[in-house]
Amino acid sequence: SDVLTVRRRSSGELLLRACLTAAADLARAEAWFSELHGRAVRVVQASGPHHFGNTPAGFSHDPSGCVIHLVNAATVASLSAAASLSSPPLHPARFRPNIVVSAAPEWSEFRWVGRRVRAGSAILEVLSRTVRCPAVNVDARHGSGKADIDVPALLSRHYPQHGPYLGVY
């Protein structure tokens, strides 16, 4: 569908509906996202299958664009503790995972890169660590919609051996 619909998660209230093939709606969507983020935002469309990654170049490891993002709950808890974030602590959902791993030691997911892991009955090939961008500075689950914590900086400060990475593709 060419229609973008944005709703408030907590209430279901319609915030934006725009037909992205109509120039006026596209401009309205760009203005809405620009106001929300406090900077100019441009809505782009991919030609064919595409994964909009978390870097300016996007995610390039799999040309199909079909990737799964894994986040380790123990790693998120470790970052929360190191940064003294307890009220509330960081939640794995902040990192926009497809799968949250809950039975692995903190940071162990980085050792999976280049290997295969089982998630239920699926076998997944772990391609790379996930570099964190400013999107994770916003708690999309419980927050105001504004940046509240500089997560990449916290990662680099408290875990310089890992840099601004958390999660794996």
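Our subject is the structure that appears above.
What you see is a predicted model, and the numbers here were worked out from it, not measured in a lab.

Caption draft 1: Spatial organisation of helix 1 (residues 23-37). When the terminal C-alpha atoms of helix 1 are compared, their 21 Å separation across 15 residues agrees well with the 21 Å that a helix rising 1.5 Å per residue should span. Three or more residues of helix 1 are buried, namely Ala29, Phe33 and Ser34. Across the axial projection of helix 1, the buried residues extend over an arc of 130°, all falling on one side. Exposed side chains of helix 1 directed beyond 90 degrees from the buried face belong to Ala24 and Glu35. Buried residues belonging to helix 1 abut strand 1 (3-7) and strand 2 (14-19). Gly38 sits one or two positions beyond helix 1 and adopts a positive phi of about 70°.

Caption draft 2: Layout of the nonpolar core. Leu79, Leu90, Phe95, Trp112, Val151 and Leu166 are the most contacted members of the largest nonpolar core, which totals 24 residues. Here this core takes three residues from helix 3 (residues 151-158), the largest share from any one element. Beyond its immediate stretch of four places on either side in the chain, Trp112 contacts Leu70, Val101, Ala104, Val117 and Val126. Listed in part, the five residues of the second largest apolar core include Val6, Leu16, Ala18 and Phe33.

Analysis parameters
Residues numbered from 1 in each chain as written. Predicted model: local features only at pLDDT ≥ 70, side-chain atom pairs only at ≥ 80, totals over all residues. Heavy atoms only, no water. Helix = DSSP H or I, 4+ residues; strand = E, 2+ residues; numbered from the N terminus. Expected span 1.5 Å × (residues − 1). Buried < 20%, exposed > 50% of the residue type's maximum accessible area, 1.4 Å probe, protein only. Arc of directions from axis to C-beta. Contact = heavy atoms within 4.5 Å. Core = buried A, V, L, I, M, F, W, Y, C linked by side-chain atoms within 4.5 Å.

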